[in-house]
Amino acid sequence: MGHVIEELHRDHINLAKLLDLLEEEVDRFCEERNPDYTLMREILDYIVHYPNEYHHPKEDAIFEKLVAIQPEAKASIRILRQDHEMLGNLTRELNDFLQMICVGQVVKRSTVARVARTYIVATRQHMKTEETEIFPLIEENLVESDWSSIEDTLEAQNNDPLLGKASRIPYENLYTHITRWR
């Protein structure tokens, strides 16, 4: 199995932890308790930036190789890419709502809760599909030379600014919260 797929799996584990933290804060928000808006915005900032800059390019490289070997996977990959776009839009929408709340604008609690819960459920389902359907298909079909080619293309390394080798300075508060969940 390729090093890159291991990184993607690790990313999913870490994202699941972030979703748990976000869900806990959304529950506080819905119950009209004091959620940690700073933590929520840090989670969303990370989720907006890390997948687009690091995670999805890795997936795209693997997906391209899979489709070249197994053309019948093309429809499933197209759906996953559409999910990426939809999830990105939900993340930005939720982030906008939180920013509005933080500057004192009135936003319907039910609207924020609906977007947040939709995002959390859809992200978990998306990761489940990748983990249970697509990643096994990738592991069955890609051989060592495919992985070498992918890793050469990506210069495979874990650049995760929260839990990887990169500097986590922008996410220091978030790092403190997530390490409590390990």
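Notes on the structure in this doc start here. (Residues numbered from 1 in each chain as written. Predicted model: local features only at pLDDT ≥ 70, side-chain atom pairs only at ≥ 80, totals over all residues. Heavy atoms only, no water.)

### Points about the overall build of the protein
- A count of helices and strands for the protein gives six helices and zero strands.
- Going from N to C terminus, the protein has its helices and strands arranged as α-α-α-α-α-α.
- Counting the 182 residues in the protein, one finds 44% classified as buried.
- Of the roughly 9,600 Å² of accessible surface on the protein, a fraction of 48% belongs to carbon and sulfur atoms. (Helix = DSSP H or I, 4+ residues; strand = E, 2+ residues; numbered from the N terminus. Buried < 20%, exposed > 50% of the residue type's maximum accessible area, 1.4 Å probe, protein only. Areas by Shrake-Rupley, 256 points an atom, 1.4 Å probe, with all protein chains shown as cover.)

### Some remarks on the environment of R78
- Within the secondary structure, R78 is located in helix 3 (residues 74-102).
- Taking the relative accessible area as the measure of exposure, R78 reaches 47% and is therefore partly exposed.

### Considering the pattern of salt bridges
- In this structure the tally under the stated criterion is eight salt bridges.
- Of the charged contacts, one joins R117 and D27 as a salt bridge, the two residues approaching to 2.8 Å between their closest N and O atoms. Linking R117 in helix 4 (residues 109-141) with D27 in helix 1 (residues 3-30), this pair joins segments that are 90 residues apart in sequence.
- Residue classification places R117 among the partly exposed residues on the basis of a relative accessible area of 32%.
- With relative accessibility at 27%, the residue D27 sits in the partly exposed group.
- Each of D20, E23 and R124 takes part in a single network of salt bridges with overlapping partners. (Salt bridge = Lys/Arg side-chain N within 4 Å of Asp/Glu carboxyl O.)

### A closer look at the packing of aromatic side chains
- In this structure the tally under the stated criterion is three aromatic pairs.
- Judged by centre distance (6.4 Å) and plane angle (80°), the ring pair of F29 and Y37 falls under edge-to-face.
- Overall, Y37 belongs to the partly exposed group, its relative accessible area being 23%.
- Ring plane angle 5° and centroid distance 5.4 Å describe the contact between Y46 and Y50, whose orientation is recorded as stacked. Separated by four residues within a single helix, Y46 and Y50 lie in helix 2 (residues 37-69), roughly one turn from each other. The pair Y46 / Y50 is uniform in exposure class, with both members buried. (Phe/Tyr/Trp six-rings, centres within 6.5 Å; stacked < 30°, edge-to-face > 60°.)

### Points about empty space enclosed by the protein
- Using the criterion set out here, one finds one cavity of 30 Å³ or more in the structure.
- Quantified by volume, the largest cavity comes out at close to 290 Å³.
- Lining of the largest cavity is provided by 25 residues; of these, L15, I47, P51, H56 and Y119 occupy positions nearest its centre.
- Looking at the lining of the largest cavity element by element, the count peaks at nine residues for helix 2. (1 Å grid on protein atoms, 1.4 Å probe; cavity = no way out; pocket = protein on both sides within 12 Å on 5 of 7 lines; lining within 4 Å. Points joined across faces, edges and corners; volume = space filled by probe spheres on them.)

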